[in-house]
Amino acid sequence: ANRWLITIPTSVTYREDFQKIAKEVPIENLVCETDSPYMHPKKGEKDNNPENIIESYKKIAELKKMNIEDVESAIEVNVKKIFFSVNNFVDNFVN
């Protein structure tokens, strides 16, 4: 298994470049952005906020032909991998 992750913004709902990435990259390598203020899930809208992340999950589920619960679970596991790795690094560096 590879150890890299790619982040998908909420503009995946309309941006074909992000849709292609989300479709082709294995779910085990995806995370979703919650802090992309100018990448609103509705084209032309501004002031994105973290609650819109559900729109990314919906689009990824559609593209990968998965149910949304499985997408949310897989991405949650991926996010936890990031924080577990960072915590381990910090613990080893400090100690």
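Everything below is about the structure shown above.
Residues numbered from 1 in each chain as written. Predicted model: local features only at pLDDT ≥ 70, side-chain atom pairs only at ≥ 80, totals over all residues. Heavy atoms only, no water.

(A) Highlighting the pattern of salt bridges. Here the structure, examined in full by the defined rule, presents 4 salt bridges. Arg15 is the salt-bridge partner of Asp17, the closest N and O atoms lying 2.6 Å from each other. One salt bridge connects Lys80 with Glu76, and the closest N-O pair in it is separated by 3.1 Å. One end of the pair is Lys80 and the other is Glu76, both in helix 3 (residues 68-94) and 4 residues apart, which spans about a single turn. We classify Lys80 as exposed; its relative accessible area is 51%. Relative accessible area serves as the criterion here: at 43%, Glu76 is assigned to the partly exposed category. (Salt bridge = Lys/Arg side-chain N within 4 Å of Asp/Glu carboxyl O. Helix = DSSP H or I, 4+ residues; strand = E, 2+ residues; numbered from the N terminus. Buried < 20%, exposed > 50% of the residue type's maximum accessible area, 1.4 Å probe, protein only.)

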